[in-house]
Amino acid sequence: MVRTYVINVRQFDEEDAFRAALPAVSPYRQKKIALLKNEREKRRSLGAAFALNAALKYYGMCEQNMEYVLGEQGKPMFRDCPELSFSLSHSGDYAICSLGERETGCDIERVRPDKMRVAERFYAEEEKAWIYQADVLKEQESRMFRIWTMKESFLKVTGCGMALPLKDFAVLIGKDGINEVRHSLNNKRYRIKEYSLPDFFQETEEYRISVCAEDWAGRHSGGCGVWEGRSFAGCESLEERPLAACETLKEADFSGFEKREFAPELEIVSVGNEPGGPDSWQIP
């Protein structure tokens, strides 16, 4: 199952809070943060690391201890757990992380006005037709960003980035809450799930979130072979949780891409201090 975690990065706005939380993430992430020039981007990148740690906690692992390598097309992956795929994104005051046992890509965008020219210039005809089915401009703008996040999540899961022209593929809106992608990139099938920010954040601005994952239907013989027979060096916690992460895949038996292959809701990441003060930041 692909699980997605969201964190509000405003909690790192204070310089003391940011500096206290920074040592809780991996050296790899600290170096990436140090290279960023914009202070807001630094805090979003830190938040993304906390979201990734929350996702890894399901498998009994910690982001602070992970070692990274660059895979195909420069996409980062875990050196000792290549079976796990993760994707990070941030926008405005939020950062997200999606992680699962299949190739995964995610994107979050804050909806902003006066961006409809993006659709006119870059979207496929069927995408533009769906956008303009809405009569109200605000709904058209929301749909424009929905398509944008879904396109971004597809580019991430395939590793193509902006090298693939946006008009060369199209998002097809499904009636069951799971959307598909029309493309000629490869023979794989991809599905996309959309999320909204939880009411917990009491957010006044609109954000769109999309998660794209490869559909395994027809590409595996059944069971959960992605984990079976593997040597989990550095992933001992998986042995304590025998195939628990794959139970829904067994039930689906790869006959189709069930809704439950995506977690039904976003997981909220909260961070804070122990009673010891700001120098004792806990990463969840």
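Everything below is about the structure printed above this text.
Residues numbered from 1 in each chain as written. Predicted model: local features only at pLDDT ≥ 70, side-chain atom pairs only at ≥ 80, totals over all residues. Heavy atoms only, no water.

Draft legend 1. Representation of the sheet that holds strand β4 (residues 85-91). In space, the four strands of this open sheet follow the order β4-β5-β1-β11, with mixed pairing throughout. Both edges of this open sheet fall to β4 and β11 (267-268), since each of them pairs with a single strand only. Pairing of strand β1 (residues 3-8) with strand β5 (residues 94-100), which is carried by six bridges, proceeds in the antiparallel orientation. Paired with N8 across the bridge in β5 is Y94. (Pairing = 2+ DSSP bridges. Helix = DSSP H or I, 4+ residues; strand = E, 2+ residues; numbered from the N terminus.)

Draft legend 2. Quick peek at the packing of aromatic side chains. According to the stated counting rule, one finds 11 aromatic pairs in the structure shown. Aromatic side chains Y58 and Y59 sit 5.1 Å apart centroid to centroid with 85° between the ring planes, which places their arrangement in the edge-to-face category. Each member of the pair Y58 and Y59 is classed as buried. For the pair F78 and F86, a centre-to-centre distance of 4.7 Å together with 25° between the ring planes defines the contact as stacked. For F78, a relative accessible area of 1% translates into the label buried. Judged by its relative accessible area of 7%, F86 falls in the buried class. Aromatic rings pair up to connect Y28, Y68, F78 and F86 into one cluster. Over the ring of F169 we find K151, and its NZ or CZ is 4.1 Å from the ring centre. It is K193 that lies over the ring of Y195; its NZ or CZ is 5.2 Å from the centre. (Phe/Tyr/Trp six-rings, centres within 6.5 Å; stacked < 30°, edge-to-face > 60°. Buried < 20%, exposed > 50% of the residue type's maximum accessible area, 1.4 Å probe, protein only. Lys NZ or Arg CZ within 6 Å of the ring centre and 35° of its normal.)

Draft legend 3. Region of interest: the sheet that holds strand β8 (residues 178-182). The antiparallel open sheet is built from five strands, whose spatial order is β6-β10-β9-β8-β7. The sheet is open, and its two borders are formed by β6 (104-110) and β7 (170-172), each paired with just one other strand. Ignoring which end each strand starts from, the neighbouring axes of this sheet average 30° apart. (Axes fitted to C-alpha atoms, helices over the stretch in contact; angles between N-to-C directions.)

Draft legend 4. Region of the structure containing the side chain of R208. Within the element layout of this structure, R208 appears in strand β10 (residues 207-215). A distance of 3.4 Å separates a polar atom in the side chain of R208 from a polar atom in the side chain of E206. In this structure R208 touches D107, I108, E109, V111, S142, F145, R146, T149, E194, Y195 and S196, once residues within four positions along its chain are discounted. (Polar contact = N/O pair within 3.5 Å; in protein donor to acceptor, adjacent residues only side chain to side chain. Contact = heavy atoms within 4.5 Å.)

Draft legend 5. Just helix α6 (residues 137-158), in detail. Over its 22 residues, α6 runs 32 Å from end to end, which matches the ideal 32 Å to within 8%, given 1.5 Å per residue. Summarising burial for α6: 18 of the 22 residues are buried, a large majority. In the segment just after α6, G159 is the residue with positive phi, at about 80°. (Expected span 1.5 Å × (residues − 1).)

Draft legend 6. The arrangement of the side chain of D107 in detail. By the secondary structure assignment, D107 is in strand β6. Within the buried set, D107 has no salt-bridge partner at all; the shortest N-O distance to an opposite charge, 4.0 Å, is to K156. In this structure the side chain of D107 is engaged in a polar contact, spanning 3.2 Å, whose partner is the side chain of S89. The contacts of D107, once residues within four sequence positions are left out, are S89, I96, W148, T149, E152, S153, K156, R208, I209 and S210. (Lys, Arg positive; Asp, Glu negative; His and termini not counted. Salt bridge = Lys/Arg side-chain N within 4 Å of Asp/Glu carboxyl O.)

Draft legend 7. Representation of the pairing of β5 in the model. In terms of residue burial, β5 counts as a mostly covered element, since seven of its seven residues are buried. Neither face of β5 is open: one carries Y94, I96, S98 and G100, the other A95, C97 and L99, and all of them are buried. Hairpin connection from β4 to β5: two residues lie between these consecutive antiparallel strands, with G92 at a positive phi of about 60°.

Draft legend 8. Unusual backbone geometry, seen in detail. The backbone of D114 sits at a positive phi, close to 60°, despite the residue not being glycine. In this structure, D114 sits in the loop between β6 and α4 (116-122). With a phi angle near 50°, Q202 is a residue other than glycine that sits in the positive phi range. In this structure, Q202 sits in the loop between β9 (189-195) and β10.

Draft legend 9. Highlighting the nonpolar core. In this structure, F50, L52, F78 and L99 are the most contacted members of the largest nonpolar core, which totals 33 residues. When residues of this core are traced back to their parent elements, those giving at least two are β1, α1 (15-21), α3 (39-57), β4 and β5. Tallying contributions element by element places α3 first for this core, with nine residues. M116, Y123, W130 and F169 belong to the second-largest nonpolar core, a separate cluster that totals 24 residues. (Core = buried A, V, L, I, M, F, W, Y, C linked by side-chain atoms within 4.5 Å.)

Draft legend 10. Structural detail: the pattern of salt bridges. Under the criterion given, the structure shown has 24 salt bridges. R182 is the salt-bridge partner of E126, the closest N and O atoms lying 2.8 Å from each other. Within this pair, whereas E126 is found in helix α5 (residues 125-131), its partner R182 is found in strand β8, the two being separated by 56 residues in sequence. Overall, the relative accessible area of 36% leaves R182 in the partly exposed class. Here E194 ties to R208 by a salt bridge, and the two come within 3.7 Å at their closest N and O atoms. Of this pair, E194 sits in strand β9 while R208 sits in strand β10, placing them 14 residues apart in sequence.

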